[in-house]
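Coordinates in review
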Amino acid sequence: MAAAVPLALLLLLLQGPDAWGHAEPPSDSLREELVITPLPSGDVAATFQFRTRWDSELQRGGVSHYRLFPKALGQLISKYSLRELHLSFTQGFWRTRYWGPPFLQAPSGAELWVWFQDTVNDVDKAWKELSNVLSGIFCASLNFIDSTNTVTPTASFKPLGLANDTDHFFLRYAVLPREVVCTENLTPWKKLLPCSSKAGLSVLLKADRLFHTSYHSQAVHIRPICRNARCTSISWELRQTLSVVFDAFITGQGKKDWSLFRMFSRTLTEACPLASESHVYVDITSYNQGNETLEVNPPPTTTYQDVILGARKTYAVYDLLDTAVINNSRNLNLQLKWKKPSENGYIHYQPARDRQQPHLLEMLIQLPANSVTKVSIQFERALLKWTEYTPDPNHGFYVSPSVLSALVPSMVAAKPVDWEGSPLFSTLFPVSDGSSYFVRLYTEPLLVNLPTPDFSMPYNVICLTCTVVAVCYGSFYNLLTRTFHIEEPRTGGLAKRLANLIRRARGVPLL
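Counting restarts for each chain, with residues numbered from 1 along the sequence as it is written. Side-chain atom pairs in this predicted model are given and counted only at pLDDT of 80 or more, local residue features only at pLDDT of at least 70, and totals for whole chains, interfaces and linings cover all residues. Computation of side-chain values covers all heavy atoms of the structure but excludes hydrogens and water.

Moving on: a nonpolar patch on the surface. Think of a patch as exposed residues, more than 30% relative accessible area, with no salt bridge, where like charges cluster within 9 Å and nonpolar side chains (Val, Leu, Ile, Met, Phe, Trp, Tyr) cluster within 5 Å. Values of accessible area rely on a 1.4 Å probe in the Shrake-Rupley scheme; residue burial ignores everything except the protein chains shown. Throughout this description, the term salt bridge denotes a Lys or Arg side-chain nitrogen within 4 Å of a carboxyl oxygen of Asp or Glu. Taken together, Ile347, Tyr349, Leu361, Met363, Ile365, Leu367, Val375 and Ile377 make up a surface patch of nonpolar side chains, about 770 Å² in accessible area. Elements represented by at least two residues in the nonpolar patch include exactly strand 14 (346-350) and strand 15 (360-364). Labels follow the DSSP assignment, with helices taken as runs of H or I lasting at least four residues and strands as runs of E lasting at least two, numbered in each case from the N terminus. Along the chain, valine 375 turns up in the loop between strand 15 and strand 16 (397-399).

Quick look at the structure:
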């Protein structure tokens, strides 16, 4: 009977807190969504967003258990005292003129900008160490970020989280235009997802299809948000976004209609079991009444309307957590047929220092409609050291793209944003006034040709020098190290001796 008491206690401990009637709700949640947008040019854009929210104080440290939030990123927040982190890898350039405004644009190459906490003593050291760690996590060349390509903007990059006004001393921004995005960057990005690429919307992330597109951009955004309406405590939000643009005439084999299988070579089989929300949105807005109507098959379960980027949009919604949709999603083949800045100017210029930091020019201006604005800067071409040239110097040198941040007047008044009830793409940028919306655009990188020396001349000089040294020094060294000996003439043999004896007896001169 005495042995039964420890056994019962052991069973009670194995059952956990649920056996006592109370179970704490999980402190983290996952929302995933896919937005499919037919573009005016006939192409199709697909935007993935995976949002992980964690109700935890990472800055205080001591966090040892990670459920949905990636442990690698959580340790970065606590170790380097990060306020916000924004990292993107982009291949191609978003053609705003033909595709319209994107949800979130990024420059070609790799872009990294970070807000540090005001408790960081040495921001430059933390920035350098952070870029090296991120380089290892995402298999990228972020370790090449240094003082020569790092700037501290004062107006363009505001925090997207809780803090709207802060000290720009704790902000760092850098761009690597030459960074090439490949599967080595996509694989670690997918591993940060709670379901990886095994279930949910992430099963569509097939590398050979994603990189066979006109535009590819993947990003990671970390920022603090309010945990409740009164904002008495904060939570950490991780948004993993991926945007691609498919050429409908190539993917659809010359046809305007398309499907999930034609774009991704896969269909949705099941929802991610760890996700609290999983939706697919299809833009069915009629941009022009003269065009053909948009037909979506199968019919959506519901529709959603909202003002996005100054225009009212209508989306067909498919809830993957719905049992009926899940049963049909195994063969789901969505088909679609085409049927204000301040008036006073502001200029901030930070001159460059040779081989230490680049130029920085920021201007706050108000542009009239249908106008053309040109900004020109005079510069001199400087010769580089021969060790500073890239492996392909004849290709040229890239200049980072310019950034255009603007408040565009909205034609339709936007309603107050519900951060938790609205889709992720409608809550990316905080909107304080419903009469305008915020956009950030990037120009193409500038390719500059600098004077390039003939790198074959050093090879010829080395070969000629080695030949002269081998001939001259080799002969001289041979004379110095060779030993000469005088050889005495040797006397004759036995026959010569006998002949000399006979000649001596005969009185004849010896041989």
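Let us look at the packing of aromatic side chains. We describe a pair of aromatic rings using the distance from one ring centre to the other and the angle between the two ring planes. Geometry of aromatic contacts follows a simple scheme: Phe, Tyr and Trp rings, the Trp one being its six-membered ring, pair when their centres are within 6.5 Å, and the pair is stacked under 30 degrees between planes, edge-to-face over 60, tilted otherwise. Within the structure shown, the criterion is met by 16 aromatic pairs. Seen in terms of ring centroids, phenylalanine 89 and phenylalanine 138 are 6.0 Å apart; in terms of plane orientation they differ by 45°. Their pairing is tilted. Placement of the pair is phenylalanine 89 in strand 3 (residues 82-91) and phenylalanine 138 in the loop between helix 4 (123-137) and strand 5 (150-151), with a sequence separation of 49 residues. We note that phenylalanine 89, like phenylalanine 138, is buried. Through a chain of ring-to-ring contacts, three or more aromatic side chains come together here, namely Phe48, Phe50, Trp189, Phe246 and Phe264. Only protein chains enter the calculation, and the probe is 1.4 Å; a residue is then buried if its accessible area is under 20% of its type maximum, exposed if over 50%, and partly exposed in between.

What follows deals with unusual backbone geometry. With a phi angle near 60°, cysteine 231 is a residue other than glycine that sits in the positive phi range. By the element assignment, cysteine 231 lies in the loop between strand 7 (215-226) and strand 8 (234-246). Backbone geometry places leucine 309, a non-glycine residue, at a positive phi of 55°. Mapping leucine 309 onto the fold places it in the loop between strand 11 (302-308) and strand 12 (311-319).

For the coordinates displayed, the defined rule picks out 13 salt bridges. For arginine 67, the salt bridge is made with aspartate 28, and the minimal N-O distance between the two is 2.9 Å. Of this pair, arginine 67 sits in the loop between strand 2 (44-54) and helix 2 (71-80) while aspartate 28 sits in strand 1 (residues 28-38), and the two are 39 residues apart along the sequence. For arginine 67, a relative accessible area of 44% gives the class partly exposed. Overall, the relative accessible area of 7% leaves aspartate 28 in the buried class. Arginine 31 is the salt-bridge partner of glutamate 277, the closest N and O atoms lying 3.1 Å from each other. Separated by 246 residues along the polypeptide, glutamate 277 in strand 9 (residues 277-283) and arginine 31 in strand 1 bring together distant segments of the chain. For arginine 31, a relative accessible area of 7% corresponds to the buried category.

Moving on, we come to the sheet that holds strand 3. Pairing between two strands is assigned when DSSP locates at least 2 bridges connecting them. Within the open sheet, the eleven strands sit side by side as 5-6-4-3-7-8-2-1-9-12-11. Their pairing is mixed. Edge positions in the sheet fall to strand 5 and strand 11, since each of these pairs with one other strand and no more. As paired strands, strand 11 and strand 12 are joined by seven bridges and run antiparallel to one another. From the neighbouring strand, isoleucine 308 faces strand 12, where its bridge partner is alanine 311. Any two residues having at least one pair of non-hydrogen atoms within 4.5 Å are treated as being in contact. A fitted line through C-alpha atoms represents every axis, and for helices the fit uses only the stretch in contact; the resulting angles, taken between N-to-C directions, go from 0 to 180 degrees. In the packing of helix 5 (residues 183-191) onto the sheet, the strands contacted are strand 2, strand 7 and strand 8, and the crossing angle to strand 7 comes to about 30°.

Take helix 4 next. Spanning 15 residues, helix 4 covers 21 Å between terminal C-alpha atoms, matching the ideal 21 Å at 1.5 Å per step. Backbone nitrogen of aspartate 124 and a side-chain oxygen of the N-cap are separated by 3.4 Å at the start of helix 4; the cap is aspartate 122. Helix span, as expected, comes to 1.5 Å for every residue beyond the first. Any N or O atom pair separated by 3.5 Å or less is treated as a polar contact, with the protein-specific requirement of one donor-capable and one acceptor-capable atom, and with residues adjacent in sequence counted only for side-chain atom pairs.

The next point concerns the state of the cysteines. In plain terms, two cysteine sulfur atoms within 2.5 Å form what is called a disulfide here. Per the stated rule, a full pass over the model turns up two disulfides. One disulfide bridge connects cysteine 195 with cysteine 272, the sulfur atoms lying 1.7 Å from each other. Torsion about the S-S bond of the cysteine 195 and cysteine 272 cystine: about 70°, corresponding to right-handed handedness. In this pair, cysteine 195 sits in the loop between helix 5 and helix 6 (207-210) while cysteine 272 sits in the loop between helix 8 (260-264) and strand 9, placing the two residues 77 residues apart along the sequence. For cysteine 195, a relative accessible area of 12% corresponds to the buried category. Put simply, cysteine 226 and cysteine 231 are joined by a disulfide, and their sulfur atoms are 2.1 Å apart. Of note, the bridge from cysteine 226 to cysteine 231 carries an S-S torsion of about -75° and is left-handed in sense. Disulfides within the protein link the bonded cysteines, taken in sequence order, as 1-4, 2-3. Left unpaired, cysteine 466 is separated from the closest cysteine sulfur, that of cysteine 463, by 6.8 Å.

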